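Examining the three-dimensional arrangement
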Amino acid sequence: MKNRRSEGTDLHIQEAPPELALPNQTPPSQIIDDEDERPVVGYFKHRQEEVLAALDLGEITDITWGEGGPVEELVSHFLKNGFLKKALRSFPDPRKNYEVPMECLLLAPILQRLNDKHSLLLAPYLLNSGSLISELGYNPRILEEGFNQRNKYERKTAFHGETLKHVLNAVDAEGMIQWWNQGLFSSWQEQAKLAVGEEGVTRKFILDGMKLEVPAHLKHKYVGAGTVRNDDGTYSHGYKLVWMQQILIPKKRKPKKNPSEKEREKEARLMKPRGILVGLRIGPIEEHDQSLGKWLLQEFPFQQKDELIFDRGFIDGNWFDELHEKKGIEIFAPLRRNMKITKEAVLKAQLHPEEWKPHPTRADQWIQTLHPEDLKSWSECKNLKSGVIVRWKDKAGVFDEVVFVSTKENLSPEEILATYDLRSRIEETHRQLKIFQGIETLPSKKWEQVIFRVLMGIFAFNLLTLYLLSERSENLEEAKTLKTLKQKREYQPEPLAVVYTETSFAVLPSRALIRRTVLIEDSTIRKKIATVLE
């Protein structure tokens, strides 16, 4: 078999879309997977010793060469632990009969997002690795032979991009959102525990919004897009995203003896919290963050004492009380300067200048504790228990203040500020999604495909985050994006060989394969292996 690459732009129809498949049609090449009775093409398993024993006898069917690279290694990591196949199979498939399994359909766009490619029709070209297909559980021959024999032209990919397009035309948009918000949540928790340990998976969440803008002259073509007037008088067009990010704390590392200042700074950077996106709502760009946030939080699987960090755009005292009283959520939020509670806190602090003390992490800033009795003037929110006021001088040398509050009892000012500072993680997430994954590039203007595009983007973002948290190689420690991951990955000139029998595969370094083959004394067996390589 030839090693498949992603190049090529041939878009001839290779197979009829799944909706045109004959009812209950099961091609002879398919078998039934015991797991859920879905049709599976040439189901494969990784059996290293068994396949190597077959190699020694010349009883193999194929050998391919894996190109490797950081993206393939990342995806392989989540295929081997079983997460990726299970998660993709749970996608709300609208098809009653099909030939291309859902996990194969969705792995292609995930690979596409990890490689920062955009065309939905060209996504199947990224599914070109025999080793990944094998780890997914399928015969790598499907990369050349496909899932049926109805193609009119020579195959370039395992399936045609139109197949995925037809699925998205039939899928329920709300079903995809529910799949992400509820169907995948427990699976993300399991993967987070594998990456950082149970103690590193916090119950701290950040709620935040982001604009997903589209060109003004195309706005009318994007289904569900809207228009909003900005503070500077300009207009933005597109969508509003509000999502929930869960904070993860990296595993503690064994400290070095007598570390240098540079090494201590590096260690501090490595221990900074990261986050995965576990909830999402999307609407037209003019929709307020608060309305989308309320919709998202209403259905989110919170636990008692979970901590939720807001910014000023979500301030609603009655809502905060409802979340605290009915769901047991602890709220952390800054208050607006024009609120009565803020004005009274500033006045009280001015009357007690002796109570100012230095900010715990920021030079030239000062803090003062706010007690429960100082927080009662916000009549709409009756559950505030802790607070702190922060003061600094602006560029003109004038004092400015901001008040942070929480419903959690007996918090010190340092604890409140440390929790709210976690909000900076969502800003870094926005930057990565926009710059390194091009989440604002929306090739399709259909509502379902816009949602799908966003979901595949944040799916890829979560995979990368968890992979970097679990990967402890010295060359990967400070990688934050796929770009830096590729830069820091050591060059590996020796490709991996993937050896196949009819039902199994094994992976080994190419030199090990050559050495093992050369040492076979029986010339007949060596010729059989040579025939496979032709």
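Residues numbered from 1 in each chain as written. Predicted model: local features only at pLDDT ≥ 70, side-chain atom pairs only at ≥ 80, totals over all residues. Heavy atoms only, no water.

**Digging into the side chain of serine 131**
So the rule is basically this: Secondary structure is summarised from DSSP: a helix means a run of H or I of at least four residues, a strand means a run of E of at least two, and numbering begins at the N terminus for each. Exposure categories follow from relative accessible area, calculated using a 1.4 Å probe and restricted to protein chains: below 20% of the type maximum is buried, above 50% is exposed, and the middle band is partly exposed. We define a polar contact as two N or O atoms separated by no more than 3.5 Å, with the added condition that, inside protein, one atom must be a possible hydrogen donor and the other a possible acceptor, whereas residues neighbouring each other in sequence contribute only through side-chain atom pairs. Note on definitions: a residue-residue contact is assigned when non-hydrogen atoms from the two residues lie within 4.5 Å.
Tracing the sequence through the fold places serine 131 in helix 5 (residues 130-136). Residue class for serine 131 comes out buried when judged on its relative accessible area of 9%. Within polar-contact distance, the side chain of serine 131 engages the side chain of glutamate 72 at 2.8 Å. What serine 131 contacts, discounting residues up to four positions off in sequence, is Glu72, Val498 and Tyr500.

**Observations regarding the side chain of glutamine 290**
Mapped onto the elements of the fold, glutamine 290 is located in helix 11 (residues 289-299). Overall, glutamine 290 belongs to the buried group, its relative accessible area being 16%. Glutamine 290 has contacts with Gly313, Phe314, Ile315, Asp316 and Trp319, leaving out every residue within four places of it along the chain.

**Here we look at the packing of aromatic side chains**
For any pair of aromatic rings, geometry is given as the distance between the ring centres together with the angle between the planes. Heads up, the rule is: Between rings of Phe, Tyr and Trp, where Trp is taken as its six-membered ring, a pair exists when centres lie within 6.5 Å; planes separated by under 30 degrees are stacked, by over 60 edge-to-face, and by other angles tilted. Throughout this description, the term charge over a ring refers to an Arg CZ or Lys NZ atom that lies within 6 Å of the ring centre and within 35 degrees of the ring normal.
Under the defined criterion, the tally for this structure stands at 22 aromatic pairs. Summarising the aromatic geometry, the rings of phenylalanine 78 and phenylalanine 83 are spaced 6.1 Å apart at their centres and angled 65° between planes, so their arrangement reads as edge-to-face. Phenylalanine 78 gets classed as buried once you look at its relative accessible area, which sits at 1%. Residue classification places phenylalanine 83 among the buried positions, given a relative accessible area of 5%. One aromatic cluster is present, formed by Phe78, Phe83, Phe91, Trp179, Trp180, Trp188, Phe452 and Phe459 through successive ring pairs. Sitting above the plane of the tyrosine 138 ring, lysine 85 keeps its charged end 5.5 Å from the centroid.

**Things to note about the packing of helix 4 (residues 102-114) against helix 16 (residues 447-470)**
Applied cut-off: Axis angles are defined between N-to-C directions and span 0 to 180 degrees, where every axis is a line fitted to C-alpha atoms and, for a helix, only to the segment in contact. Put simply, angles under 35 degrees are roughly parallel, angles over 145 are roughly antiparallel, angles from 65 to 115 are roughly perpendicular, and the rest are oblique. Crossings are assigned a handedness: left-handed for a near helix turned anticlockwise from the far helix by less than a right angle, right-handed for a clockwise turn. When residues are sorted by character, Ala, Val, Leu, Ile, Met, Phe, Trp, Tyr, Cys and Pro go into the nonpolar class, Asp, Glu, Lys and Arg into the charged class, and all the rest, Gly among them, into the polar class.
Two numbers describe how helix 4 lies on helix 16: the axes approach to 9 Å, and their chain directions differ by 70°. Taken as axis vectors, helix 4 and helix 16 run roughly perpendicular relative to one another. Crossing geometry of helix 4 relative to helix 16 is assigned as right-handed. Contacts from Leu106, Pro109, Ile110, Arg113 and Leu114 in helix 4 reach Phe452, Arg453, Met456, Gly457, Phe459, Ala460 and Leu463 in helix 16. Residues that form the contact of helix 4 with helix 16 fall into these classes: 9 nonpolar, 1 polar and 2 charged.

**Structural notes on the pattern of salt bridges**
As a reminder, the rule being used: Any carboxyl oxygen of Asp or Glu that lies within 4 Å of a side-chain nitrogen of Lys or Arg is treated as forming a salt bridge with it.
Counted under the stated rule, the structure contains 21 salt bridges. One salt bridge connects aspartate 306 with arginine 203, and the closest N-O pair in it is separated by 2.8 Å. Here aspartate 306, found in the loop between helix 11 and strand 9 (307-309), pairs with arginine 203, found in strand 5 (residues 201-213); they are 103 residues apart in sequence, far enough to count as distant. Using a relative accessible area of 0% as the deciding quantity, one classes aspartate 306 as buried.

**Quick look at the pairing of strand 10 (residues 330-334)**
Rule in force here: Only strands joined by at least two bridges in the DSSP assignment are considered to pair.
Counting buried residues in strand 10 gives 5 out of 5 residues, a clear majority hidden from the surface. Going residue by residue along strand 10, you find Glu330, Phe332 and Pro334 tucked away on one face and Ile331 and Ala333 tucked away on the opposite face as well. Where strand 9 and strand 10 come together, 3 bridges link them in parallel fashion. Within strand 10, the residue paired with isoleucine 309 across the bridge is phenylalanine 332.

**Thoughts on the environment of methionine 244**
Structurally, methionine 244 can be placed in strand 7 (residues 235-248). When its relative accessible area of 0% is taken as the criterion, methionine 244 is described as buried. Methionine 244 sits 65 residues away from isoleucine 309 along the chain, and the two C-alpha atoms are 9.7 Å apart. Contacts of methionine 244, omitting those with residues within four sequence positions, involve Phe205, Ile206, Leu207, Ile276, Leu277, Val278, Gly279, Leu296, Leu297, Phe300, Phe302 and Leu308.

**Regarding the nonpolar core**
One recurring pattern in soluble globular proteins is that nonpolar side chains are buried together. The cut-off we apply is this: What is meant by a nonpolar core is a set of buried Ala, Val, Leu, Ile, Met, Phe, Trp, Tyr and Cys residues, joined one to another through side-chain atoms within 4.5 Å.
One finds Leu84, Phe310 and Phe459 to be the most contacted residues of the largest nonpolar core, which totals 131 residues. Leaving out residues up to four positions away in the same chain, phenylalanine 459 has contacts with Phe83, Leu84, Ala87, Leu88, Ile110, Trp179, Trp180, Leu184 and Trp188. One finds Leu52, Val499, Ile525 and Ile529 within the second-largest nonpolar core, a separate group that totals 14 residues.

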